[in-house]
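Chain by chain, the residues run as shown.
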Amino acid sequence: MPFAPLLPSPARARRAAVVLAVALAAVAPACHRPGAAKPDDPGLIELAATPSTTLVLADQPGQMAVRVKIMAATPPAQGHGPVNLVLVLDTSGSMEGDAIASTRDAAQALVDRMADGDRLSIVVFHSLGEVLVPSIRLGDVSRKKIRTAIAGLAARGTTDLASGWSLALAQLIAGRSERTLNRMVLVTDGIPNDVSPVAELIAQTQALQVPITPLCLDVECEPTLLGQIAVQTGGSYKYLDDATAVAAVFDSEVLRLHQLVARDVRLVLKAGPGVILDATLLGDAIAGGGRSLALGDLAAGEERELVIPVTVPARRVGAVVEVLDAFLAFDDVVNHSGRRQRHGYVGVKTSGELAAIEAATEMDIETAMHRAHAATAMLQAIELGRRGDLVAANEVLDRGAAAARVRATAKDDAELAGQAGRMDALKLELPALFVQAAQQGGGEGRQGAGAAVSPSPVAVEGHATVGERPAGGAFAGLDGDRDEPAAIEKLARAQKDTVGRSIDADNRTIRRQHDESLQVLMGN
């Protein structure tokens, strides 16, 4: 028979933190049994830290970069534990139509894609959270029940992400064991009712060492929030402008989980004396000016490459500058040998010879640093635009585009030139993000279907402003005409439709730029 939905109660919500802590302790993997030989490290994970130059100019602060490369080899015989996957699906009213239909189809295909013995649970959220499918081991009988439950997915209500997320964590714990490969995939098309619980939910998810892959299906998605969820849990954020692409993402996530060689991968960067890591958008700050980054899982054959811009202090000629230490920690999935570590160190020397410094420069890392700077500028501008500070956003983009063009011209870098062009385009598109935020009450709420559009106090270049009466045109000769109010209302509706379509198109571009820039910074 079909699954009976489980609804959250206030008492269950109050006990969430306690339940998480107790359950985490109960299922934490043991390194090895007392007296038993610890399995060998299979040696599949490599860490390399390489400076963009081995020489920096003496007697003054300097700019350089460090490339941190993490590589996962393919084991001779791939073995893995069962997958423990939780789908967290937005079924709010705004998902009506193609979005809910594509999500339903993708979830059905996922059931067939997963292997017997894997575990799956499905949580939906609308006006409240609901466990559609409690965590269950997949087999012929369970698949039939799951398909029946998925077929009943319908769009209704508002967007209570927090209650759905809380229930999903409980389901993940229920299906978790020492050998399971754990993952959450979040599908949403908009802005949650309340973002205040998100920080605590991220902390709980981090404690469980579970990456979240958020999928954004609509221009109303909040990219900063979803990107934050992905980065801080070690997942990857994806913006999909075509809802039918959900199935492909589900498929790739499951395939990747079956090829994992390391999980809960964490990179800690510790700066040397006087060194500043210019990576404020990456991970969390730690004592001493370092950064801690959750990188999630690594699949066989996968590589992650991060480029960290750094500022080094002034040192005398011939001195050694201790730039940074890189510490990588991860759980071995292949031999189950427990928590393993890798270490990399970068140091450079100072010189007064400009020709020697030029010869010592690794141009590919230097180029990657400038691309990372451009990506950072776009992410910062998008966040400023979302807050309504278009002046500051444009200043960030102007500086970023100018710097990118100088470097692109000097080094004939077509990719960097493309980033400069995208920054120019982003300046024209950001007003759409501001208008949308204003319509949604500064980003704190969401505009319902059919809600009126208020006249904007800010003129948006390239878009008509709903509610303004233009001179001439459709209004010419209407003065004193008793049908003028109806004509005005008709034109306003037409303007609203035009503006809505233009803003949607601009927002899709902004979401794509956010996604691409985030991938550049995170090395995905």
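Residues numbered from 1 in each chain as written. Predicted model: local features only at pLDDT ≥ 70, side-chain atom pairs only at ≥ 80, totals over all residues. Heavy atoms only, no water.

What follows deals with the side chain of Arg183. Here Arg183 lies in strand β7 (residues 181–188). A polar atom in the side chain of Arg183 sits 2.4 Å from the side chain of Asp297. The residues contacting Arg183, other than those within four sequence positions of it, are Asn84, Leu85, Val86, Leu172, Val210, Pro211, Thr213, Glu253, Arg256, Leu257 and Asp297. (Helix = DSSP H or I, 4+ residues; strand = E, 2+ residues; numbered from the N terminus. Polar contact = N/O pair within 3.5 Å; in protein donor to acceptor, adjacent residues only side chain to side chain. Contact = heavy atoms within 4.5 Å.)

Remark: helix α6 (residues 198–207) packs on helix α7 (residues 223–233), axes separated minimally by 9 Å, with the N-to-C direction vectors making an angle of 25 degrees. It follows from the interaxial angle that α6 and α7 lie roughly parallel. Two packed elements cross with a definite hand, and for α6 against α7 that hand is right-handed. Counting all contacts with α6, which are made through Val198, Ile202, Thr205 and Gln206, the residues of α7 involved are Leu225, Gln228, Ile229, Gln232 and Thr233. Grouping the constituent residues of the contact of α6 with α7 by class yields four nonpolar, five polar and no charged. (Axes fitted to C-alpha atoms, helices over the stretch in contact; angles between N-to-C directions. Parallel < 35°, antiparallel > 145°, perpendicular 65-115°, else oblique. Left-handed = near helix turned anticlockwise from the far one by under 90°. Nonpolar A, V, L, I, M, F, W, Y, C, P; charged D, E, K, R; others polar.)

Our focus in this paragraph is the pairing of strand β15 (residues 320–332). Sheet analysis places strand β10 (residues 260–271) next to β15, joined by eight bridges and oriented antiparallel. Bridge pairing in β15 links Arg263 to Asp331. With 11 bridges joining them, β15 and strand β16 (residues 339–351) adopt antiparallel strand pairing. Directly across from Phe330, in β16, lies its bridge partner Arg340. Connecting β15 to the antiparallel partner β16 that follows it, the hairpin turn spans six residues, and His336 within it adopts a positive phi of roughly 55 degrees. (Pairing = 2+ DSSP bridges.)

Core analysis: the largest hydrophobic core is formed by 37 residues, its most contacted members being Leu85, Leu87, Leu120, Ile122, Ile146 and Phe250. Every element with two or more residues in this core is listed here: β4 (83–90), α3 (98–113), β5 (119–125), β6 (129–137), α4 (140–151), β7 and α8 (246–257). Counting residues per element, this core draws most heavily on α3, at six residues. Those residues within four positions of Leu87 in sequence are excluded, and the remaining contacts are Ala107, Leu110, Leu120, Ser121, Ile122, Val123, Val185 and Phe250. One finds Met64, Val261, Leu306 and Leu324 within the second-largest nonpolar core, a separate group that totals 33 residues. (Core = buried A, V, L, I, M, F, W, Y, C linked by side-chain atoms within 4.5 Å. Buried < 20%, exposed > 50% of the residue type's maximum accessible area, 1.4 Å probe, protein only.)

Spatially, the six strands line up as an open sheet ordered β6-β5-β4-β7-β8-β9, and their pairing is mixed. In this open sheet, the two strands that pair with only one neighbour each are β6 and β9 (238–239). For β4 and β7, the ladder comprises seven bridges, and the chain directions are parallel. Counterpart to Asn84 in the pairing with β7 is Asn182. In the packing of α7 onto the sheet, the strands contacted are β7 and β8 (212–216), and the crossing angle to β8 comes to about 160 degrees. Taken strand by strand, α8 contacts β4, β7, β8 and β9, and its axis lies near 170 degrees from that of β7.

As enumerated under the stated definition, the model contains 17 salt bridges in all. Arg340 serves as the salt-bridge partner of Asp41, at 4.0 Å between the closest nitrogen and oxygen. Taken as a pair, Asp41 in the loop between α2 (16–27) and β1 (45–51) and Arg340 in strand β16 lie far apart in primary sequence, 299 residues in all. Classification of Asp41 by relative accessible area gives partly exposed; the value is 26%. Residue Arg339 is joined to Asp331 by a salt bridge in which the shortest nitrogen-to-oxygen separation is 3.2 Å. (Salt bridge = Lys/Arg side-chain N within 4 Å of Asp/Glu carboxyl O.)

Moving on, we come to the sheet that holds strand β3 (residues 62–72). Whether parallel or antiparallel, the strands of a sheet pair through hydrogen bonds between backbone atoms. With antiparallel pairing, four strands are arranged side by side in an open sheet as β1-β3-β14-β11. At either margin of the open sheet sits one strand with a lone partner, and together these are β1 and β11 (276–277). Inspection of the sheet shows β1 paired to β3 by seven bridges, in the antiparallel sense. Bridge pairing in β3 places Ile45 opposite Ala72.

The next thing to look at is the packing of α3 against α4. Taken N-terminus to C-terminus, the directions of α3 and α4 make an angle of 175 degrees; their axes are 9 Å apart at the nearest point. Between α3 and α4, the interaxial angle falls into the category roughly antiparallel. Within the contact between the two elements, α3 uses Arg104, Ala107, Gln108, Val111 and Asp112 and α4 uses Arg143, Ile146, Arg147, Ile150 and Ala151. Among the residues forming the contact of α3 with α4, the class breakdown is five nonpolar, one polar and four charged.

In this structure, Gln209 takes a positive phi of about 60 degrees despite not being glycine. In this structure, Gln209 sits in the loop between α6 and β8. Positioned with a positive phi, Asp412 is a non-glycine residue whose angle comes to about 55 degrees. Topologically, Asp412 is positioned in the loop between α11 (390–411) and α12 (414–439).

So, on to helix α10 (residues 363–386). Side chains of residues three or four places apart in an α-helix project in the same direction, reflecting 3.6 residues per turn. Under the 1.5 Å per step criterion, the end-to-end length of α10 is 35 Å for 24 residues, consistent within 8% with the ideal 34 Å. In the stretch just after α10, Gly388 is the one whose phi turns positive, near 95 degrees. (Expected span 1.5 Å × (residues − 1).)

Tracing the backbone shows Ala174 in helix α5 (residues 161–175). Overall, Ala174 belongs to the exposed group, its relative accessible area being 52%. The spatial distance from the C-alpha of Ala174 to the C-alpha of Asn84 is 9.5 Å, given a sequence separation of 90 residues.

On average, residues of the protein chain score 79 in pLDDT, and 73% of them reach the 70 mark or higher. Under a pLDDT of 50 for its full length, residues 1–32 has, in the predicted model, 40 contacts with residues more than four places off or in other chains. Predicted confidence for residues 487–506 stays below pLDDT 50, and this span has 24 contacts to residues more than four positions away or in other chains. (pLDDT = per-residue confidence, 0-100.)

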